[in-house]
Amino acid sequence: MPQTLAAPDCNVTVGILALQGAFAEHQVMLQKLSLKRKVIIVLVRQPEDLDKCDALIIPGGESTTIALLARLAGLLEPLREFLKAKPVWGTCAGAILLARAVEGAKRGGQELLGGMSVAIERNGFGSQIESFEAALEIEGLRESNRPFHGIFIRAPVVISLDPTPTDPPIQIISRISTSLLPDGQTAVPHDEDDTDPRDPRTIVALRQGLHLLTTFHPELTKDDRFHEYFIRECVLPTVSRAPSPA
């Protein structure tokens, strides 16, 4: 018997910026989700792809390369406009692109999309050899008492939170204990008080308004809870409900 699909007005369409990086891994994770609404996936490579989307994921990869390819594809300004109205989640390189300011940019600078009131340091936790994995406590996930396996690859570090009075409030979703950081990293001293709420450097996941930022790679795990969280908490509240039958 053929499978019955959700009605079109019950669907939610999530774009994945598919210029470089781990976009295929995000696609696999979204395909695994079991939700009341069907998730339609669009691989975004040109401006007209964005018009189909209710939300967007910007994957990990190389932030300078993604920004360059976005400019060549005529996507930079459409992406900035999209950010003003619809939910966007950036992972690792995507998190850098969502920042308002960046440190450690390559020579020639770094184009950003902005959209979140944070400053980020590229490769803040070190180079490829300082990549690491850690069990994270994530506020708001399904089965939140079960740690989430965080994969940090040349991970950026949040160095400041800079909301203006008119910006949406920032919600910190997860911090990492300094005891879990690699020995070679210098962004956060191991004897630092990682419980200090004023210190942004241990923040690894946060929300602001419609947007979500993670400095690690949920798409490289087998755990779909972060993708489910993005859809449930950031996307579905912004998508109008399907009209009730007459």
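Residues numbered from 1 in each chain as written. Predicted model: local features only at pLDDT ≥ 70, side-chain atom pairs only at ≥ 80, totals over all residues. Heavy atoms only, no water.

Colleague: I'm lost on the side chain of Ser174 in this one. Help?
Modeller: Here Ser174 shows up in strand 10 (residues 170-175). Note on Ser174: relative accessible area 2%, which makes it buried. (Helix = DSSP H or I, 4+ residues; strand = E, 2+ residues; numbered from the N terminus. Buried < 20%, exposed > 50% of the residue type's maximum accessible area, 1.4 Å probe, protein only.)

Colleague: Can you walk me through the sheet that holds strand 10 in this structure?
Modeller: With mixed pairing, the 7 strands of this open sheet are ordered in space as 2-1-3-4-12-11-10. Every other strand in the sheet has two partners, leaving strand 2 (39-44) and strand 10 as the edge strands with one partner each. The average undirected angle you get between the axes of adjacent strands in this sheet is 15°. Looking at chain direction, strand 4 (residues 88-91) and strand 12 (residues 211-214) are connected through 3 bridges and run parallel. The residue bridging Gly90 from the neighbouring strand is Leu213, located in strand 12. Of the strands in this sheet, strand 1 (12-17), strand 3 (55-58), strand 4 and strand 12 touch helix 4 (residues 76-83), which is tilted by about 125° from strand 3. (Pairing = 2+ DSSP bridges. Axes fitted to C-alpha atoms, helices over the stretch in contact; angles between N-to-C directions. Contact = heavy atoms within 4.5 Å.)

Colleague: What should I look at first to understand the pairing of strand 7 (residues 132-136) in this one?
Modeller: The side chains of a regular strand alternate between both faces of the sheet. Residue alternation in strand 7 divides its side chains into a buried set, Phe132, Ala134 and Leu136, and an unburied set, Glu133 and Ala135. Two elements, strand 7 and strand 8 (residues 148-152), share 5 bridges in a ladder whose sense is antiparallel. Bridge pairing in strand 8 links Leu136 to Phe148.

Colleague: Just checking my understanding: could you explain the packing of aromatic side chains for this structure?
Modeller: Geometrically, a pair of aromatic rings is defined through the distance of the ring centres and the angle of the planes. As enumerated under the stated definition, the model contains 8 aromatic pairs in all. Between Trp89 and Phe226, the ring centres sit 5.7 Å apart and the planes meet at 20°, which makes this aromatic pair stacked. Of this pair, Trp89 sits in strand 4 while Phe226 sits in helix 6 (residues 225-235), placing them 137 residues apart in sequence. Across the pair, Phe226 and Trp89 agree in class, each one buried. Measuring from ring centre to ring centre gives 5.5 Å for Phe148 and Phe226, while their planes differ by 80°; the resulting arrangement is edge-to-face. Pair noted here: Phe148 is in strand 8 and Phe226 is in helix 6, with a separation of 78 residues, a long-range link. We classify Phe148 as buried; its relative accessible area is 1%. For Phe226, a relative accessible area of 0% gives the class buried. (Phe/Tyr/Trp six-rings, centres within 6.5 Å; stacked < 30°, edge-to-face > 60°.)

Colleague: Would you mind going over a nonpolar patch on the surface with me for this structure?
Modeller: A cluster of nonpolar side chains, namely Leu68, Leu69 and Leu72, defines an oily patch on the protein surface of about 290 Å² accessible area. Mapped onto the elements, Leu68 comes out in helix 3 (residues 63-72). Residue classification places Leu68 among the partly exposed residues on the basis of a relative accessible area of 49%. (Patch = residues over 30% accessible without salt bridge, like charges linked within 9 Å, V, L, I, M, F, W, Y side chains within 5 Å. Areas by Shrake-Rupley, 256 points an atom, 1.4 Å probe, with all protein chains shown as cover. Salt bridge = Lys/Arg side-chain N within 4 Å of Asp/Glu carboxyl O.)

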